[in-house]
Amino acid sequence: MTVPRIELINGTSIPQLGFGVAQVSPEDTADTVRKALEVGYRHIDTAQMYENEAGVGEAIRAAGIPRDELYITSKLNTGFHRPEDARVGFGETLERLGLDRIDLFLIHWPMPTQYDGDFVSTWKTLGEFVEDGRAASIGVSNFQPDHLDKIVAETGVVPVVNQVEVHPFFANEGVRSANAKHGVVTEAWSPIAQGTVSDDDTIGEIATLVGRSPAQVALRWHIQRGDVIFPKSTKVERMKQNFEIFDFELSPNAMSTLDELDRGEAGRLGPNPDVFDYIPS
Ligand code: NDP
């Protein structure tokens, strides 16, 4: 199964399918990522907040896969937005991953109600990591359209991606079109709505029709919309299932039926980025 790559605005590219490790415990991460790499995943999405970067590092070292075949993303924790904290935090991320260079580093949340509303200086600081060669690309996560407009207007540096909640029940079209307007690729987090796509009758009917699982149908919907995804599972069978989505296609009819499942704000599962202000202790 060959995973397509999506071109980014800075001339690099990213595998459209990866593996997410949110809520994988620090003790289980190395083993879980080892299994994902065995299945064929080469793109791993972690974060300082997940406290499992070291496990990701352990698994990629043990796997012995050539570095240029891997694509590793991490994210700045919400307590590290001040430039000096971001510099220290980024150095620690590289150390925990055991890497000299990361493929993609993101601001995890904009935190607009904290730091006097300043996420621009944080964004400028991430730019230093590209300049010194320790990050191939930088981007953002959970940025609303006005946050995106602000960093682009004030720095001229366009994030390569904006990683936001997107799934059939929360299509997040406003943010997706703001991303597209700037040439920013959308990464869809919780792509199978944290597993709940399996409980939806409409998705179930399409799944029966195409002979796939509901999770595969939802993941394929994202792929055909052009977003980047990294479903999480601790189970090898599901890791395989979530990887096998490039040998079938959804019809335009099935795609629009899935589009109609969007519940707007009512479909959001995670926090609203405009008010999210959590800083881990
Ligand atoms: P997902 O939509 O990937 O769903 C994961 C859940 O679905 C788990 O409970 C998993 O259970 C279950 N599952 C996995 N595969 C299947 C399947 N084939 N059939 C049925 N159930 C399945 O949710 P996540 O919230 O984990 O999001 C994915 C990734 O997105 C994260 O790991 C993280 O990398 C990123 N993310 C980023 C955020 C951000 O703020 N930037 C916020 C949230 C997520 P089990 O493990 O038991 O298989």
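Look a little higher up for the structure.
This section reports on the structure supplied with the text. The model shown is predicted, which means the values in this text are computed figures rather than measured ones.

A word on the packing of aromatic side chains
- Summed over all chains, the structure comprises 9 aromatic pairs.
- Centre to centre, the rings of Phe119 and Phe143 are 5.4 Å apart; their planes meet at 65°, and the pair counts as edge-to-face. Of this pair, Phe119 sits in the loop between β6 (102–107) and α4 (120–131) while Phe143 sits in the loop between β7 (135–141) and α5 (145–155), and the two are 24 residues apart along the sequence.
- Classification of Phe143 by relative accessible area gives buried; the value is 0%.
- By way of ring pairs, the aromatic residues Trp109, Trp189, Phe276 and Tyr278 are connected into one cluster.
- The positively charged end of Arg220 is found above the aromatic ring belonging to Phe248, 6.0 Å away from the centroid.
- Over the ring of Phe169 we find Arg263, and its NZ or CZ is 4.4 Å from the ring centre.

A look at the pairing of β6
- Counting buried residues in β6 gives 6 out of 6 residues, a clear majority hidden from the surface.
- The β-α-β motif built from strand β5 (residues 71–76), the intervening helix α3 (residues 83–97) and the parallel element β6 has right-handed crossover chirality.
- Pairing between β6 and β7: 5 bridges, direction parallel. By the bridge assignment for β7, Phe105 is matched with Ile138.
- Once you follow β6 into α4 and on to β7, the crossover reads as right-handed.

Details of the site of the ligand
- Around the ligand, a shell composed of 29 residues is seen, among which Asp45, Ser190, Ser233, Lys235 and Arg238 lie nearest.
- In this structure, Gly195 approaches the ligand through a main-chain N or O atom, which is 3.4 Å from an oxygen atom.
- Within the side chain of Arg238, a nitrogen or oxygen atom sits 2.8 Å from an oxygen atom of the ligand.
- The greatest single-element share of the shell around the ligand, amounting to 3 residues, is contributed by helix α9 (residues 236–243).
- Looking at the shell around the ligand, its residues break down into 11 nonpolar, 13 polar and 5 charged.

With respect to the sheet that holds strand β8 (residues 161–165)
- Overall, parallel pairing links the 8 strands, which are arranged β3-β4-β5-β6-β7-β8-β9-β10 in an open sheet. The open sheet has two edge strands with one neighbour each: β3 (19–20) and β10 (228–229).
- Taken together, the 2 bridges between β7 and β8 define a ladder with parallel strand orientation. When the sheet's bridge partners are listed, Val140 is paired in β8 with Asn162.
- Lying on the sheet, α3 is in contact with β5, β6 and β7; it crosses β6 at an angle near 140°.

A word on the pairing of strand β9 (residues 185–189)
- Of all 5 residues in β9, 5 are buried, a share of seventy percent or more.
- Going residue by residue along β9, you find Val185, Glu187 and Trp189 tucked away on one face and Thr186 and Ala188 tucked away on the opposite face as well.
- Two elements, β8 and β9, share 5 bridges in a ladder whose sense is parallel. Within the sheet, the bridge partner assigned to Gln163 lies in β9 and is Glu187.
- With helix α6 (residues 173–182) bridging β8 and the parallel β9, this β-α-β connection has right-handed handedness.
- By the bridge criterion, 2 bridges tie β9 to β10 in an arrangement that is parallel. Bridging across to β10, Glu187 finds its partner in Val228.

What about the packing of helix α2 (residues 53–63) against α3?
- Interhelical geometry of α2 versus α3 gives an angle of 40° and a closest axis separation of 7 Å. Considered as vectors, α2 and α3 are oriented oblique to each other. Side by side, α2 and α3 meet where Glu53, Ala54, Val56, Gly57, Ile60 and Arg61 of the first sit next to Thr93, Arg96 and Leu97 of the second.
- Residues of the contact of α2 with α3, tallied by class, amount to 4 nonpolar, 2 polar and 3 charged.

About the thresholds
- Residues numbered from 1 in each chain as written.
- Predicted model: local features only at pLDDT ≥ 70, side-chain atom pairs only at ≥ 80, totals over all residues.
- Heavy atoms only, no water.
- Phe/Tyr/Trp six-rings, centres within 6.5 Å; stacked < 30°, edge-to-face > 60°.
- Helix = DSSP H or I, 4+ residues; strand = E, 2+ residues; numbered from the N terminus.
- Buried < 20%, exposed > 50% of the residue type's maximum accessible area, 1.4 Å probe, protein only.
- Lys NZ or Arg CZ within 6 Å of the ring centre and 35° of its normal.
- Right-handed = clockwise from strand over helix to strand, strands pointing away.
- Pairing = 2+ DSSP bridges.
- Near = heavy atom within 4 Å.
- Polar contact = N/O pair within 3.5 Å; in protein donor to acceptor, adjacent residues only side chain to side chain.
- Nonpolar A, V, L, I, M, F, W, Y, C, P; charged D, E, K, R; others polar.
- Contact = heavy atoms within 4.5 Å.
- Axes fitted to C-alpha atoms, helices over the stretch in contact; angles between N-to-C directions.
- Parallel < 35°, antiparallel > 145°, perpendicular 65-115°, else oblique.

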